[in-house]
Amino acid sequence: MKARFLIPLGIFLVLALLLGFGLTLNPRDVPSVLINERAPTFNLPDLFDPEKTVSSDALKGKVWLLNVWGTWCPECWREHEFLNRLAKTEGVTIIGIDWRDDRAEAQAFLAKKGNPFAAVGFDPDSEAIMDWGVYGAPETFVIDKQGMIRKKHTGPLYPQVWNEEFRPLLQQLEGES
């Protein structure tokens, strides 16, 4: 008779453990199937000069970051100051893709807040972004010298994420030939 009460208790304990484990996970950490795969190429009009293009091919042989952002994205606003600091103090090449945005608003945003990007591609219709598996902004990718995606971070970059995850990876990748 006691065993009849132990079965529901056991089921409850298993469900409680699963729920407890699930609550420790970060919902922004969505694994990407693109990790250790060749980065999709893109050729986008330059945000500041539509006659020029921003191309991923121009970065072959370099370690670089791709940052997807938009002026409509509050988290992008929050991470922007940190990206400016990275570009100035860490010497990191950051390529931006301004996604689903208004060109004039994006230009005004960078003029006012500073421009951490070596180049900014303009992608108002999600032409390039879909191949990268982007579903929100900001998202940042690390691309190695061979053009392989080595890391994807969903959400804003902050010092803790940079110091614990990005900096060691970039140092490792820069040391590789």
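Preceding block: the structure.
These notes cover the structure that comes with them. (Residues numbered from 1 in each chain as written. Predicted model: local features only at pLDDT ≥ 70, side-chain atom pairs only at ≥ 80, totals over all residues. Heavy atoms only, no water.)

Grouped together as the largest cluster of nonpolar side chains are 46 residues, with contacts concentrated most on F42, L66 and W132. If you list the elements that add at least two residues to this core, you get β3 (64-69), α2 (74-89), β4 (94-99), α3 (103-113), β5 (119-123), α4 (129-132), β6 (139-143) and α5 (159-175). Top contributing element to this core by residue count: α5, with six residues. Those residues in contact with F42 that lie beyond four places of it in its chain are V54, S55, S56, W64, L66, I95, I97, A128 and W132. (Core = buried A, V, L, I, M, F, W, Y, C linked by side-chain atoms within 4.5 Å. Buried < 20%, exposed > 50% of the residue type's maximum accessible area, 1.4 Å probe, protein only. Helix = DSSP H or I, 4+ residues; strand = E, 2+ residues; numbered from the N terminus. Contact = heavy atoms within 4.5 Å.)

Moving on, we get to α2. Three or four residues apart is the spacing at which side chains of an α-helix point the same way, because the helix has 3.6 residues per turn. The end-to-end C-alpha distance of α2 is 24 Å, a good match for the 22 Å that 16 residues give at a rise of 1.5 Å each. At H80, α2 shows its largest kink, close to 35°. What α2 keeps buried is the set C76, E79, H80, F82, L83, N84 and L86. On its buried face, α2 is in contact with β3, β4, α3, β6 and α5. After α2 finishes, the residue G91 shows a positive phi value of roughly 65°. (Expected span 1.5 Å × (residues − 1). Bend = angle between axes of the 7 residues up to and from the residue.)

Below, the discussion takes up the pattern of salt bridges. For the coordinates displayed, the defined rule picks out seven salt bridges. Between R167 and E90 there is a salt bridge, with its nearest N and O atoms 2.3 Å apart. One end of the pair, R167, is in helix α5; the other, E90, is in the loop between α2 and β4, with 77 residues separating them in the sequence. The class for E90 is partly exposed, based on a relative accessible area of 31%. In this structure, E165 engages K151 in a salt bridge whose closest nitrogen and oxygen atoms are separated by 2.9 Å. Taken together, the residues E165 in helix α5 and K151 in strand β7 (residues 149-154) connect sequence positions 14 residues apart. Its relative accessible area of 33% is what places E165 among the partly exposed residues. Ionic contacts of the salt-bridge type, sharing partners, join the residues D144, R150 and E176 into one network. (Salt bridge = Lys/Arg side-chain N within 4 Å of Asp/Glu carboxyl O.)

As for its placement among the helices and strands, N67 is situated in strand β3. Reaching out from N67, the side chain makes a polar contact with the side chain of E79 at a distance of 3.0 Å. In this structure the side chain of N67 is engaged in a polar contact, spanning 2.9 Å, whose partner is the side chain of T140. Discounting chain neighbours no more than four positions away, the residues touching N67 are E79, L83, I94, I95, G96, I97, F117, P138, E139 and T140. (Polar contact = N/O pair within 3.5 Å; in protein donor to acceptor, adjacent residues only side chain to side chain.)

Below, the discussion takes up the packing of α2 against α3. Between α2 and α3, the shortest axis-to-axis distance is 11 Å and the interhelical angle comes to 50°. When the axes of α2 and α3 are compared, the pair comes out oblique. As α2 packs across α3, the resulting crossing turns out to be right-handed. Together, W77, H80 and N84 of α2 and F109, L110 and K113 of α3 make up the contact between the two elements. Each residue belonging to the contact of α2 with α3 can be placed in one class, and the counts come to three nonpolar, two polar and one charged. (Axes fitted to C-alpha atoms, helices over the stretch in contact; angles between N-to-C directions. Parallel < 35°, antiparallel > 145°, perpendicular 65-115°, else oblique. Left-handed = near helix turned anticlockwise from the far one by under 90°. Nonpolar A, V, L, I, M, F, W, Y, C, P; charged D, E, K, R; others polar.)

By the criterion of burial, β4 is predominantly enclosed, with six of the six residues buried. Strand direction decides the pairing type here: β3 and β4, joined by five bridges, are parallel. Paired with V68 across the strands is I97, a residue of β4. For the handedness criterion, the β-α-β arrangement of β3, α2 and β4 is classed as right-handed. Relative to β5, β4 runs parallel, the two being bridged by five bridges. Bridge pairing links I95 to A119 in β5. Each parallel crossover has a hand, and the one from β4 via α3 to β5 is right-handed. (Pairing = 2+ DSSP bridges. Right-handed = clockwise from strand over helix to strand, strands pointing away.)

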